[in-house]
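# Survey of secondary and tertiary structure
For reference, the chains in residue letters:
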Amino acid sequence: HMKRIIFLVYFLGLLSFFAFNSCSHKKERSYRVVETYRIKSSNGSMSRLSVDLPISYGYQTISEINIKNADDYFFEDRDGYKTLHVNVKGNGEEKETIIEYYVTLLNNQCNWTAEPEEKHLLPEEFIDSDNKNIIDLAGTLKADGNDFKTAENISRYVARNIRFHHSSKINIRTPLASEVLESKKGVCGDYANLMTALLRASGIPAKAISGLSLKRLKRSSDWSSPGGSHAWVEFCIGKEWYFADPSW
């Protein structure tokens, strides 16, 4: 049989309350990341493990990717990232496949240059930047002739007006950005979606990012906890990208 496992990881180190205040580290930090997958399949069958790898850009670099205990593997270039496909031949017993790499968080790397794409200005799932309430609010936060100030106004609005919702999000439908605006509550991903929608409604390319904050990650069991799993925003002015975190 075929088994497909998707694991998407991005990384961010020291996050300020607003990206506009500070985004430097005292020094560059490198982390060794080891992902262990245990697969059991019938004798002679082939299982496929697919892992979306973090990428080198912006405030991080990825290096020394090493795969252990795989019959064969290959990399697929996707839309801005790479997917690692690992094939494991079954023998009726559990096999352990290990993926290892290093992440270096860059010192004093606040912005980077990359051409924005058209999709970074358009509505998408959960980011309904074409909603009337989103558009109207974006208009009140717009600083004429100063997109960076507009982004700062939006970040501050979301941080100050949305209340962190601590109840369980398991099996709960992800709200639209406009619903977050109406309810005035959410988790980090909802903050990120709302800020992204307001930025796009203001004509500023933006995207919501999900990943890990390694600085808060104390042990591997924290990966799915609020201590490690997180969401934030990247936005572009001209061709310069910046990151912002409206929920921390």
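In the block above lies the structure referred to throughout.
Described in the following lines is the structure provided in the data block. Since we're looking at a predicted model, the values are computed, not measured.

Within the largest apolar cluster, 27 residues are counted, with the highest numbers of intra-cluster contacts made by Val158, Leu194, Leu198 and Leu199. For this core, the elements supplying multiple residues, two or more each, are α1 (132-141), α2 (147-161), α3 (177-183), α4 (188-201) and β12 (229-237). Here this core gets eight residues from one element, more than from any other, and that element is α4. Among all residues touching leucine 194, those that are not within four sequence positions of it are Ile134, Val158, Ile162, Ala177, Val180 and Leu181. Ranked by size, the runner-up nonpolar core spans 17 residues in total, among them Tyr37, Ile39, Val86 and Leu105.

Taken as a whole, α1 has its buried residues at Ile134, Leu137, Ala138 and Leu141. An end-on view of α1 places all buried positions within 105° of arc, on one side of the element. Residues of α1 that are exposed and point over 90 degrees away from its buried face: Lys132 and Thr140. Considering only its buried residues, α1 is in contact with α2, α3 and α4. With a side-chain oxygen lying 2.9 Å from the backbone nitrogen of asparagine 133, the N-terminal cap of α1 falls on asparagine 131.

Attention shifts here to the sheet that holds strand β6 (residues 82-89). Spatial ordering of the open sheet is given by β3-β6-β5, a layout of three strands whose pairing is antiparallel. Looking at which strands have only one partner, the edges of the open sheet turn out to be β3 (46-53) and β5 (72-77). For this sheet, the mean angle separating the axes of adjacent strands, direction not counted, is 20°. Where β3 meets β6, eight bridges bridge the pair, whose relative direction is antiparallel. Residue pairing across strands places leucine 49 opposite valine 86, the latter belonging to β6.

By the definition in use, this model includes 13 salt bridges. For glutamate 115, the salt bridge goes to lysine 239, with nearest N and O atoms at 3.3 Å. One end of the pair, glutamate 115, is in the loop between β8 (111-113) and α1; the other, lysine 239, is in the loop between β12 and β13 (240-244), and 124 residues separate them in sequence. Residue classification places glutamate 115 among the exposed positions, given a relative accessible area of 53%. Given a relative accessible area of 48%, lysine 239 falls into the partly exposed group. Between glutamate 234 and lysine 207 there is a salt bridge whose closest N-O contact spans 3.8 Å. Residue glutamate 234 is found in strand β12, and its partner lysine 207 is found in strand β11 (residues 206-213); the two are separated by 27 residues along the sequence. According to the relative accessible area criterion, lysine 207 is partly exposed, its value standing at 23%. Sharing partners across several salt bridges, the network here consists of Arg32, Lys68 and Glu100.

About the thresholds
- Each chain has its residues counted from 1, following the order in which its sequence is written.
- Note on the predicted model: pLDDT of at least 70 is required for a residue's local features to be given, and 80 or more for side-chain atom pairs to be given and counted; whole-chain, interface and lining totals, by contrast, use all residues.
- Each side-chain value is worked out from all heavy atoms of the structure, with water and hydrogens disregarded.
- Definition of nonpolar core: a set of buried residues of the types Ala, Val, Leu, Ile, Met, Phe, Trp, Tyr and Cys, connected through side-chain atoms within 4.5 Å.
- Exposure classes here rest on a 1.4 Å probe applied to the protein chains alone. A residue is buried below 20% of its type maximum, exposed above 50%, and partly exposed in between.
- By the criteria applied, helices consist of DSSP H or I runs no shorter than four residues and strands consist of E runs no shorter than two, each listed in order from the N terminus.
- Here a residue-residue contact requires only that any non-hydrogen atoms of the pair lie within 4.5 Å.
- What the arc describes is the spread of directions from the helix axis to the C-beta atoms.
- Here a polar contact is recorded for every N or O atom pair within 3.5 Å, except that within protein the pair must consist of a potential hydrogen donor and a potential acceptor, and residues adjacent in sequence are included only if both atoms are side-chain atoms.
- Strands are labelled as partners when DSSP assigns at least two bridges between them.
- Fitted lines through C-alpha atoms give the axes, limited to the stretch in contact for helices. The angle between two N-to-C directions lies from 0 to 180 degrees.
- By definition here, a salt bridge exists when the distance from a side-chain nitrogen of Lys or Arg to a carboxyl oxygen of Asp or Glu is within 4 Å.

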